[in-house]
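Now for the letters of each chain:
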Amino acid sequence: MHLNEAVLCATLPTASGSGPGTLSLHDIQTGTSLASWKQTSAGPHCTAAVQTKDGQGGFMFAAQNDRSILNVYNYQKDQLALKIVLPEKLSALAVDPRGKYCAGATAQGRIFLWEVASGIMYNAWDAHYRQINVLRFTHDGAALLAGSEDSGVSVWSIARLLDDALQNEHSTPYCNFTDHTLPVTDIVCGIGSFPSCRILTASIDHTVKLWDPASKTLLTTFYFPQPIISVVWDSTERLFFAASADGSIHQVNLFRQREDKFSRAAMEAVGGAGVSDVIRINDTDPSVSKKRLISVGEPVTTMAISLTSSMLLAGTATGLIHVYDIASHQLLRTLSSHKGMSITHLSTMLRPPDLIGHISLTLSAGGTNDAKENIPVRHVAPFQRIRDAKAREAHEVSLILPQVETTTSSFVSYSREEMIRDHAFFVKPTGASSEASGVSLQSRVTELESELAGLKEQLGKAKGINDVMWETVVQRLVAEGKDKGGQKGQETGTPMDEDGAEGKRRRKRNRT
């Protein structure tokens, strides 16, 4: 199956170059230029893109290298859509996968967090004490990672950063990764929800480290012969590529083949032993190391892997984009249209259906040539430069509801006859079943009436027994009382018939 895959690249003028850089979209199979957006110069890790999906047009952000300006572009126009004035010049930029939040970092180690649709600054805090080189959201958008010149990597929970109850408190990270000894240059987040995913961090201390956010521990350290500038991870997380400024790209497999006790070949994972687990790339078999090395011949600035995980793209400081076959490391083609510039960003995506100058066959199936114009662009509001509690409390957001297909193919065919038949079967019982239910109901009534008559008869018998017992007990008590009264009269010598008169006389004496 052939995917309409494209590669987005950003360029920055070199010292010898002239004019501003560009944002460009190329066909990954042929290298043909599909679209270009000019008048932008974004530095490394200062470009972010959100794809067109759910019936809403995507956008691209480019933080300018020489001033505190954020350029906003969309795929439907080749012109600048919005220019946002920022509180400070940004050294790194990231947008979460859903395009809801944008994070920007500065040379002073400060991070800003905005909501894209409203422009509200949700948070601003000092994350590091030196410049932040790279920002990354996890794939589920639950966490933000920052790599700094101070050699530290901080992990921040987005939920805590957005929590209203914590706005007046000092922001604290979920955890810090502090095992690097020199500035961090790149971060890659693995597939999966946070904190179950894995994290790769690269540094100019010649290492790439693999982390487990769930346990907040270091799993493995990979040591390279040169400082590492860029890292990309295969979507299956079986291997990653690490590039250095001298043009070397090392392929590192996270699995290896071994023989079990029965001399059978088996595959096992590499690393995971913790801080003491250091894998030196040059210590492996030289022939194997050579097979896993790609020599570009010029400084590599950024890399990307195709959606099919079959091609590796390497951008260089001279403006070339080399496309390699991952399986064989063969150079497939070189894109040279940006020669003289420095490639600062590479990412792969499906060709946007609303791309300017291109009509998607799926969208134009209905026979319209302006199908792309029916896709509304996601709303991007100007970002606040300071935190505003009133705007946050009001929280006015412009949202676009996803489009609902109105073609007949999207509805299930359900005729009137089928509906009547199903209604008669599930809701109304048939005639035979009605008669059967009537007979069973009558028999049940008769059964209950006979049971009620039996209970009434038993109740009458129980009442009769109770009356007899009550009468017997009362007569016995009366008889016992009379016997005691007679014995008392004989002992006192007072006749029984005079007992009443004698009692009256005693009571009168007591009253007087």
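Residues numbered from 1 in each chain as written. Predicted model: local features only at pLDDT ≥ 70, side-chain atom pairs only at ≥ 80, totals over all residues. Heavy atoms only, no water.

Q: Could you give me a rundown of the overall build of the chain, with the residues and numbers involved?
A: Secondary structure summary: the chain contains six helices and 31 strands in total. Scored against the burial criterion, the 512 residues of the chain give a buried share of 42%. Contacts in the chain between residues far apart in sequence, at least 24 positions, make up 50% of those at least 6 positions apart. (Helix = DSSP H or I, 4+ residues; strand = E, 2+ residues; numbered from the N terminus. Buried < 20%, exposed > 50% of the residue type's maximum accessible area, 1.4 Å probe, protein only. Contact = heavy atoms within 4.5 Å.)

Q: Tell me about the side chain of His 128, and name the residues and values.
A: Following the sequence through the fold, His 128 ends up in the loop between β11 (121-126) and β12 (132-137). You can call His 128 buried: its relative accessible area is 10%. Within the structure, the side chain of His 128 is placed 2.8 Å from the side chain of Ser 154, a separation counted as a polar contact. Contacts of His 128, omitting those with residues within four sequence positions, involve Gln 108, Gly 109, Ala 146, Ser 148, Asp 150, Gly 152, Val 153 and Ser 154. (Polar contact = N/O pair within 3.5 Å; in protein donor to acceptor, adjacent residues only side chain to side chain.)

Q: Quick rundown of empty space enclosed by the protein? Include the residues and the values.
A: Counted under the stated rule, the structure contains one cavity of 30 Å³ or more. Estimates place the volume of the largest cavity at around 90 Å³. Contributing elements (two or more residues each) for the lining of the largest cavity: β14 (153-157) and α1 (158-162). (1 Å grid on protein atoms, 1.4 Å probe; cavity = no way out; pocket = protein on both sides within 12 Å on 5 of 7 lines; lining within 4 Å. Points joined across faces, edges and corners; volume = space filled by probe spheres on them.)

Q: Provide a residue-level description of the confidence of the model for the chain, including the pertinent values.
A: Fine structural detail should not be taken from predicted coordinates in areas where pLDDT scores are low. The predicted model of the chain averages 84 in pLDDT, with 81% of residues at 70 or higher. In the predicted structure, residues 494-498 sits below a pLDDT of 50 and forms four contacts with residues beyond four places in sequence or in another chain. (pLDDT = per-residue confidence, 0-100.)

Q: Account for the nonpolar core, with residues named and values stated.
A: In terms of nonpolar packing, the biggest core is built from 36 residues, with Leu 25, Trp 37, Phe 61, Leu 70, Leu 93, Cys 102 and Phe 383 touching the most fellow members. By residue number, the principal contributor to this core is strand β5 (residues 59-64), which donates five residues. With near-sequence residues (within four places) excluded, Phe 61 lies in contact with Cys 46, Thr 47, Ala 48, Leu 70, Asn 71, Val 72, Leu 93, Val 95, Cys 102, Val 116, Val 380 and Phe 383. Counting 20 residues, the second largest nonpolar core, distinct from the first, contains Ala 92, Tyr 101, Trp 156 and Leu 162. (Core = buried A, V, L, I, M, F, W, Y, C linked by side-chain atoms within 4.5 Å.)

Q: A description of the sheet that holds strand β28 (residues 311-316) should follow, citing residues and the corresponding values.
A: With antiparallel pairing, four strands are arranged side by side in an open sheet as β27-β28-β29-β30. The sheet is open, and its two borders are formed by β27 (300-305) and β30 (331-335), each paired with just one other strand. Along the sheet, successive strands turn relative to each other by an average axial angle of 20°, direction set aside. Relative to β30, strand β29 (residues 321-325) is paired through four bridges, and the arrangement is antiparallel. (Pairing = 2+ DSSP bridges. Axes fitted to C-alpha atoms, helices over the stretch in contact; angles between N-to-C directions.)

Q: For the pairing of β12, give the residues involved together with the corresponding values.
A: With five of six residues buried, β12 lies mostly within the body of the structure. Here β12 folds back onto strand β13 (residues 143-148), and the loop between the two strands holds five residues, one of which, Gly 141, carries a positive phi near 70°.

Q: Talk me through the packing of aromatic side chains; I want residue IDs and the actual numbers.
A: Counted under the stated rule, the structure contains ten aromatic pairs. Ring geometry for Phe 177 versus Trp 211: centroids 4.3 Å apart, planes at 10°, classification stacked. With Phe 177 in strand β15 (residues 175-177) and Trp 211 in strand β18 (residues 207-212), this residue pair connects regions lying 34 residues apart in the sequence. Measuring from ring centre to ring centre gives 5.3 Å for Phe 222 and Phe 240, while their planes differ by 75°; the resulting arrangement is edge-to-face. Taken together, the residues Phe 222 in strand β19 (residues 217-223) and Phe 240 in strand β21 (residues 239-244) connect sequence positions 18 residues apart. (Phe/Tyr/Trp six-rings, centres within 6.5 Å; stacked < 30°, edge-to-face > 60°.)

Q: Explain a nonpolar patch on the surface to me, using residue names and the numbers behind them.
A: Together, Tyr 414, Met 419 and Ile 420 give the surface a local cluster of nonpolar side chains, amounting to about 310 Å² of exposed area. Relative to the helices and strands, Ile 420 is located in helix α4 (residues 416-426). Looking at Ile 420, the relative accessible area reads 41%, which means it is partly exposed. (Patch = residues over 30% accessible without salt bridge, like charges linked within 9 Å, V, L, I, M, F, W, Y side chains within 5 Å. Areas by Shrake-Rupley, 256 points an atom, 1.4 Å probe, with all protein chains shown as cover. Salt bridge = Lys/Arg side-chain N within 4 Å of Asp/Glu carboxyl O.)

Q: Describe the pairing of strand β10 (residues 110-115), listing the residues and the values that go with them.
A: Burial analysis of β10 places five of its six residues in the buried class, which makes it a mostly covered element. Two successive antiparallel strands, strand β9 (residues 101-106) and β10, enclose a turn made up of three residues, where Gly 109 displays a positive phi of approximately 85°. Sheet topology note: the β10/β11 ladder contains five bridges and is antiparallel. Within β11, the position partnered with Ile 111 by the bridge is Trp 125. The turn linking β10 back onto β11 is made up of five residues, and Gly 119 within it adopts a positive phi angle of 80°.

Q: Residues and numbers for the pattern of salt bridges, please.
A: Oppositely charged side chains may form a pair once their charged atoms are brought near each other. Under the definition given, this model contains seven salt bridges. Residues Arg 67 and Asp 66 are paired through a salt bridge, measuring 2.9 Å at the closest nitrogen-oxygen approach. With a relative accessible area of 36%, Arg 67 lands in the partly exposed category. Look at Asp 66 and you get exposed, because its relative accessible area is 53%. For Asp 212, the salt bridge goes to Arg 198, with nearest N and O atoms at 3.1 Å. Linking Asp 212 in strand β18 with Arg 198 in the loop between β16 (184-189) and β17 (199-203), this pair joins segments that are 14 residues apart in sequence. Asp 212 gets classed as buried once you look at its relative accessible area, which sits at 11%. For Arg 198, a relative accessible area of 31% puts it in the partly exposed group.

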